[in-house]
Amino acid sequence: MKKYIYLTIAIAALGLISCEKELIQNPSTTKVADNFYSNEAEMEEAVNAVFATLQFTGVYDTAMPAVGELPGEDAYDETPANDGGVYGMLDDFIVIPQSSLVANVWKDSYQGIQRTNIVLNRIQEVDFEAPETKQARIGEMLFIRSLLYFNLVRTFGDVPLVTDEVENPQEYFGQTRAAVSEVYKQIIADLTEAEKNLPIRNDSNKGRVVKTAAQTLLGKVHLTLGDYANAKSSLLKVVAAKAHKLVPVNEVFSPDNELNEELIFVVQFASGTNSNSEGSDAYRMFNPTGRQDGGLSGTKGHGVLKPDFFSLYEDVDTRKNVYVGVLESGLAYTNKIAVPTTVVGDSPSDWTVLRYADVLLMLAEIENEFDNSTTAVDYLNEIRNRANLGDFSGSTDKTSVFAEIDLQRRLELVWEGHRWFDLLRQGRAQSVLGITDVNKLLLPLPASQIAADPALVQNPGY
Amino acid sequence: MDGLTYRFSLGGDYDSYVRDYYYPIGVGSYRTPAPRADANGEQQKQNKINYLLENTLTYDKSFGKHHLNVLGGYTFQKENTDYTRVIATGFADDNIQNIAGASAFTASADVGIWTLESYLARLQYDFDSKYLLTAAIRRDGSSRFGINNRWGNFPSIAAGWVFSRENFFPQNDIVTFGKVSASWGQTGNNQIGTYASKALVTDSNYVFGGGIAPGYITTSAPNPDLGWEVASSLNIGLDLGLFNNKLNFNMAYYKTNTKDLLLDVPVPQQTGYDNVLANIGEMENQGWEFQLSGNGFYLGDLMVGFNANLTSYENKVLALGPGQDKIATGRDQLFTTQIGRPIAEIYGYTLDGVFKTQDEIDSTPHLDGTLTGDLRVVDINNDGVIDDEDKISKGTYAPDFTYGFGINLDYKGFTMSANFIGVEGRTLLDGDLSSITESGEGFGVPNTYYFNNRYHPVNNPDGFLGQPNFGNYSNSRKILRSSVTVEENNGDYLRFRDLRLGYNFQKDLLDRIKLSGLQVYFSGNNLFTATKWRGWNPDGTSSDILTSGYNTGGNYPISKTYTIGLKITY
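Residues numbered from 1 in each chain as written. Chains lettered and ligands numbered in written order. Predicted model: local features only at pLDDT ≥ 70, side-chain atom pairs only at ≥ 80, totals over all residues.

### Looking at the overall build of chain A
In step 1: Per the secondary structure count, chain A includes 19 helices and seven strands.
In step 2: Reported as C-alpha extents along the three principal axes, the dimensions of chain A are approximately 115 × 50 × 45 Å.
In step 3: Out of the 462 residues belonging to chain A, those deemed buried represent 53%.
In step 4: Once local pairs closer than 6 in sequence are excluded, the contacts in chain A between residues at least 24 apart make up 67%. (Helix = DSSP H or I, 4+ residues; strand = E, 2+ residues; numbered from the N terminus. Buried ≥ 20, exposed ≤ 12 C-beta atoms within 10 Å, placed from the backbone. Contact = placed C-beta atoms within 7 Å.)

### Remarks on the overall build of chain B
In step 1: Scanning chain B for helices and strands turns up five helices and 31 strands.
In step 2: C-alpha extents for chain B along the principal axes are approximately 85 × 65 × 60 Å.
In step 3: By residue count, 26% of the 570 residues in chain B fall in the buried class.
In step 4: A separation threshold of at least 6 residues defines the contact pool for chain B, and within that pool the share at least 24 residues apart is 64%.

### Considerations on the sheet that holds strand β1 (residues 31–32) of chain A
In step 1: Taken together, three strands build an open sheet; the order of strands is β1(A)-β8(B)-β11(B) and the sheet is antiparallel. One side of each edge strand has no neighbouring strand; the edge strands of this open sheet are β1 of chain A together with β11 (216–218) of chain B.
In step 2: Where strand β8 (residues 200–203) of chain B and β11 of chain B come together, three bridges link them in antiparallel fashion. Its bridge partner being in β11 of chain B, Asp 203 of chain B is matched across the sheet by Tyr 216 of chain B. (Pairing = 2+ DSSP bridges.)

### Considerations on helix α2 (residues 40–53) of chain A
In step 1: Counted at 1.5 Å a residue, the expected span for α2 of chain A with its 14 residues is 20 Å, and the 20 Å between its end C-alpha atoms agrees.
In step 2: Counting buried positions over the 14 residues of α2 of chain A gives 10, a clear majority of the element.
In step 3: All of the buried residues along α2 of chain A are Met 43, Glu 45, Ala 46, Val 47, Asn 48, Ala 49, Val 50, Phe 51, Ala 52 and Thr 53 of chain A.
In step 4: Each element contacted by the buried residues of α2 of chain A is listed here: α3 (57–61), α6 (100–122) and α7 (131–156) of chain A together with β9 (206–208), β10 (211–213) and β11 of chain B. (Expected span 1.5 Å × (residues − 1).)

### Let's talk about the interface of chain A and chain B
In step 1: Contacts between chain A and chain B engage 69 residues on the former and 73 residues on the latter.
In step 2: Secondary-structure elements contributing two or more residues to the side of chain A that touches chain B are α1 (2–17), β1, α2, α5 (86–92), α6 and α19 (447–452) of chain A.
In step 3: Here the side of chain A that touches chain B gets eight residues from one element, more than from any other, and that element is α6 of chain A.
In step 4: In terms of residue class, the side of chain A that touches chain B is built from 37 nonpolar, 24 polar and eight charged.
In step 5: Summarising the sheet, β1 of chain A and β8 of chain B pair through two bridges and their orientation is antiparallel. Across the sheet, Val 32 of chain A pairs through a bridge with Leu 200 of chain B, a residue of β8 of chain B. (Nonpolar A, V, L, I, M, F, W, Y, C, P; charged D, E, K, R; others polar.)

### Describing the domain arrangement of chain A
All names here are of chain A.
In step 1: Along its sequence, chain A is carved into domain 1 (1–74 + 97–198), domain 2 (243–266 + 350–435) and domain 3 (280–348).
In step 2: Computed over C-alpha atoms, the centres of domain 1 and domain 2 are 35 Å apart.
In step 3: Between domain 1 and domain 2, the contact holds 11 residues from the first and 14 residues from the second.
In step 4: Broken down by element, the side of domain 1 that touches domain 2 gets its largest block of residues, five residues, from helix α4 (residues 63–69).
In step 5: When the residues that make up the side of domain 1 that touches domain 2 are grouped by side-chain class, the tally is five nonpolar, two polar and four charged. (Domains from an automatic or database assignment.)

### Considering the nonpolar core
In step 1: Grouped together as the largest cluster of nonpolar side chains are 173 residues, with contacts concentrated most on Ala 46, Val 50, Phe 143, Ala 213, Leu 217 and Leu 360 of chain A.
In step 2: The element best represented in this core is α7 of chain A, accounting for 13 residues.
In step 3: The residues touching Leu 360 of chain A, leaving out its near neighbours within four places in the chain, are Tyr 379, Glu 382 and Ile 383 of chain A.
In step 4: Val 354, Tyr 455, Ile 479 and Leu 480 of chain B belong to the second largest nonpolar core, which has 13 residues in total. (Core = buried A, V, L, I, M, F, W, Y, C linked by C-beta atoms within 7 Å.)

### Regarding the packing of helix α15 (residues 373–386) of chain A against helix α16 (residues 398–413) of chain A
Residue and element names in this part refer to chain A.
In step 1: Viewed as axis vectors pointing N to C, α15 and α16 meet at an angle of 25°, and their least axial separation amounts to 11 Å. Judged on the interaxial angle alone, α16 and α15 are roughly parallel. Considering only the axes of α15 and α16, their crossing is left-handed. Where α15 approaches α16, its residues Ser 373, Ala 376, Val 377, Leu 380, Ile 383 and Arg 384 are matched on the opposing element by Lys 398, Val 401, Glu 404, Ile 405, Gln 408 and Glu 412.
In step 2: Of the residues belonging to the contact of α15 with α16, the class tally is six nonpolar, two polar and four charged. (Axes fitted to C-alpha atoms, helices over the stretch in contact; angles between N-to-C directions. Parallel < 35°, antiparallel > 145°, perpendicular 65-115°, else oblique. Left-handed = near helix turned anticlockwise from the far one by under 90°.)

### What about unusual backbone geometry?
In step 1: Here the bond from Ala 34 of chain B into Pro 35 of chain B is cis, since omega is -5°, no more than 30 degrees from zero.
In step 2: Following the sequence through the fold, Pro 35 of chain B ends up in the loop between β1 (4–23) and β2 (40–63).
In step 3: Its identity is not glycine, yet Asp 83 of chain A carries a phi of approximately 50°, on the positive side.
In step 4: Along the polypeptide, Asp 83 of chain A turns up in the loop between β2 (75–76) and α5.
In step 5: Although it is not a glycine, Asp 128 of chain B adopts a positive phi angle of roughly 60°.
In step 6: Using a count of 12 C-beta atoms within 10 Å as the deciding quantity, one classes Asp 128 of chain B as exposed.

### Quick notes on the confidence of the model for chain B
In step 1: In this model, chain B carries a mean pLDDT of 92, and residues with pLDDT of at least 70 account for 100%.
In step 2: Note on the complex model: pTM 0.89, ipTM 0.92. (pLDDT = per-residue confidence, 0-100.)

### Remarks on the pairing of strand β29 (residues 517–531) of chain B
All names here are of chain B.
In step 1: In this structure, strand β28 (residues 493–504) lies alongside β29, joined through 11 bridges in antiparallel fashion. Each residue of the ladder has a partner; that of Tyr 493, found in β29, is Thr 531.
In step 2: Across nine bridges, the pairing between β29 and strand β31 (residues 561–569) is antiparallel. Looking at β31, one finds that Ser 523 is bridged to Thr 563.

### Examining the packing of helix α14 (residues 356–369) of chain A against α16 of chain A
Residue and element names in this part refer to chain A.
In step 1: Running from N to C, α14 and α16 point in directions that differ by 165°, and their axes come no closer than 10 Å. Considering the angle they form, α14 stands roughly antiparallel to α16. For α14 against α16, the interelement crossing comes out left-handed. The segment α14 lies against α16, with Ala 357, Asp 358, Leu 361, Ala 364, Glu 365 and Asn 368 engaging Lys 398, Val 401, Phe 402, Ile 405, Gln 408, Arg 409, Glu 412 and Leu 413.
In step 2: The class makeup of the residues in the contact of α14 with α16 is seven nonpolar, two polar and five charged.

### Re α6 of chain A
In step 1: A rise of 1.5 Å per residue sets the reference length of α6 of chain A, with its 23 residues, at 33 Å; its end C-alpha atoms lie 33 Å apart and thus fit the reference within 8%.
In step 2: Across the 23 residues of α6 of chain A, 19 count as buried, placing the element largely inside the fold.

### Focus: the sheet that holds strand β21 (residues 345–348) of chain B
All names here are of chain B.
In step 1: Here four strands make up an open sheet; going across it, the order is β19-β20-β21-β24 and the pairing antiparallel. Of all the strands in the sheet, just β19 (326–329) and β24 (392–393) have a single pairing partner and so form its edges.
In step 2: Here β21 pairs with β24 via two bridges, running antiparallel. Its bridge partner being in β24, Gly 348 is matched across the sheet by Ile 392.

### Notes on the environment of Asp 108 of chain A
Residue and element names in this part refer to chain A.
In step 1: In this fold, Asp 108 is placed in helix α6.
In step 2: For Asp 108, a count of 23 C-beta atoms within 10 Å translates into the label buried.
In step 3: A sequence separation of 291 residues divides Asp 108 from Thr 399, and the C-alpha atoms of the two residues are 40 Å apart.
In step 4: With residues up to four places along the chain from it excluded, the contact list for Asp 108 reads Thr 53, Phe 56, Thr 57, Gly 58 and Val 59.

### A few points about the environment of Leu 68 of chain B
All names here are of chain B.
In step 1: In this structure, Leu 68 sits in strand β3 (residues 66–89).
In step 2: Judged by the 15 C-beta atoms lying within 10 Å of it, Leu 68 is partly exposed.
In step 3: Each C-alpha atom of the pair Leu 68 and Gln 124 lies 5.8 Å from the other, and the pair is 56 residues apart in sequence.
In step 4: Ignoring sequence-local partners within four residues, the contact set of Leu 68 consists of Lys 61 and Tyr 125.

### Overview of the environment of Tyr 37 of chain A
Residues and elements named next belong to chain A.
In step 1: On the secondary structure map, Tyr 37 appears in the loop between β1 and α2.
In step 2: Of the residues examined, Tyr 37 has 22 C-beta atoms within 10 Å and is grouped as buried.
In step 3: Expressed as a C-alpha distance, the spacing of Tyr 37 and Gly 68, which sit 31 residues apart in the sequence, is 35 Å.
In step 4: Leave out the neighbours within four places in its chain, and Tyr 37 touches Glu 42, Met 43, Ala 46, Arg 122 and Val 126.

The following block contains the structure:
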């Protein structure tokens, strides 16, 4: 009898506990993709996370600004060997595939691209209260994806093109780099579609992506490809929209006047928010080591401006001492990135990606290419007059006008990450900067990526 | 029923910690002098409860010379980890040095639960303690794995034959015990993160107009097929007892084939991911084990005992992921795993002193940015350029063999025992040596090895390590610094693991003081390690098997201990 009792207990114990469902454990403090992306609120969170990638180190926190500015002739690295030498290498055209900055640009840009792919893949299934909101979000994703690809293609040349949500990363072993032309085809298609979906700028959406942002970026893309006609028509739409205008010089980058009408697309940063995690590190990285404004020390000197450059500003130029400042030592610096009020690596300044002054200067350049120097000078004069320089009075032959446009681009857009890409698209990088090795016009792919998948072939010369 | 036993057991572990952290205002930080604007406080609390429930039913019976033991069982294990963390800021002063003194807080919580469910069956049989047979199977289900591959079945079988008990075995004084045995079995590994198979959605916030915009997005790739890593092991052994078992000898051959390795493999980053944990590939380990021990040999009043052992290792990767024949990862991608080779081979350039003149640089293949005083690299493949192709394998963390030996002596109450262990054929890469103490760059204090061997045209013209240079950040400097510390078999060592000297007081004395035993002794552990390794600990390694042998400051040096004792037995 006793044995039956034991057996019964044993079976009962087994039956009570043996429960397959105990093996199904879902995290209770972390969200999982299986049950996320199911409604508008969750979709909006995903969209916010896409915007968040623009703040990453490898994108507009510090790396893309550095890539766009340091190789140019106006900025240089005061302490080139510090921080792994990654900024010094850019300045001196000796970037190595092991550079952590290069690795960050690659990784963070593709992380952003994957996030846009996730949203684009899933948003169709989700109902939004207002259909136009959904449409705007689609437009935003396409805009951000093309912006990231535009950065990648200009930095690395051919790059792998991924436009679907990645379900199984292992399937991507063996993916080769898509040709530059194919990448641009995707960028143009995305921007054209984005333009249709995006709303016109107003007070409530001015911090997001607006229609004119897609038009401006599309214009810049066409200009980069040398397609002046399409560049012009796209940029003219921005002018015609009347959503933007030049604001006084001292208001453009003022932290008290963020998201002003001149700014077409910015990556937003804020100081003292979320344990100081929403600020930009650009102030600390790029200011001269000797700058101690606001009692803050610890600036790193990776992107100071040359005294020669500072002297290009005429004394009457209102941009002098507003866009750029100078230390007693003669070292100049960009003043477009505001001094943090919290810790040195937490600047509140938004990073300006596209602004109206750039649109006008691009139009001036295009008109000059079309030999319409009068129209070109008209655009140019808008920039000059705002800076209190008066109308352009020099010779109006194509070369002279180009030289003035070039100068104004440097003075107006300094330290906004344009210079290197301007010289590249104009085919002047080698002659202006004295680069003898044509291979240095592209950065190397990260060594870790070449090692991860031999199907990715390194750029020549690295 | 006779011989039938039911056993129910419930066991548990409770583990809890509280960590309080305070960084006072009155202490400065990097480039920020004291007093700082604010202090940092933090409190972490974790509770972990693990319980294991076992139901087993055993039937144990002898029929004449037959002995049978059958076991069936079910076990269930569950672990619940509950963690909270509060980060506090906004301290007015250093008066209250914990989170209570703060005015702003951010809190986070993390709960993790895993379960393991197993069914077991085992049959043991022996006849006259001469023929031994064990067969078992277990079925394990782990919550950590993907929905498609939670369960694994792991059979095993073992047989032994004590041939010295056979009638035909000649009785002799030399071989007094003899056994051959063979076994084959499978085991499963589920040592991965609690939710490693799931696509987790984590936070990534933005700011719109200065206000925080909470963002969430998928940050780890899903893998519903993630399942058990299975190791199949074959063992064949021979045990001999000689001279009335005063001398014992064992030898064994083992071969383990591990399939569906749980590897955190770097994936192309255009996917948006860096690494994916997946069941990838297959590898094989094999080797021999020898052991010899003796005890109770007398030379007059001196009793002598000794032991010695040797184990050899050979590892080979048989397969990797589909279409993949090589994984290069870790520091400077120097850890290389490829088919047909051992896992995690450490690659490095072969260095040959420094360049002393510009002419030497100009006439020799060199890396970009090489200056005089920089390292000279051997152009292994003789193609006139220094590139990745010139890196060669310097070995692996897994050694060729390990060994140990020891002796114990007893002479009229004086006892002595000493044991040594050693490792041969181990290669390591040290992160700290290469980036700080031996790099010759800024931000680090050089060690004496670097100082004594650095090149200096006047003070140390024969130095073979790069000249200190705080300003050079070229290819040459950055790429070569890891190779300085990677040298074939640089992790070999022989360690004096323990020594014990004692004296046992004689019985006549003990009787007088009414004790049954009295011993004084001295013992020491890890008294010395003979090695050319310049890092902290030649046993240090990373926990990821793809970067085995990566040694960093996190790997603490091994401690040396001395003990003087008195042992009293009543």
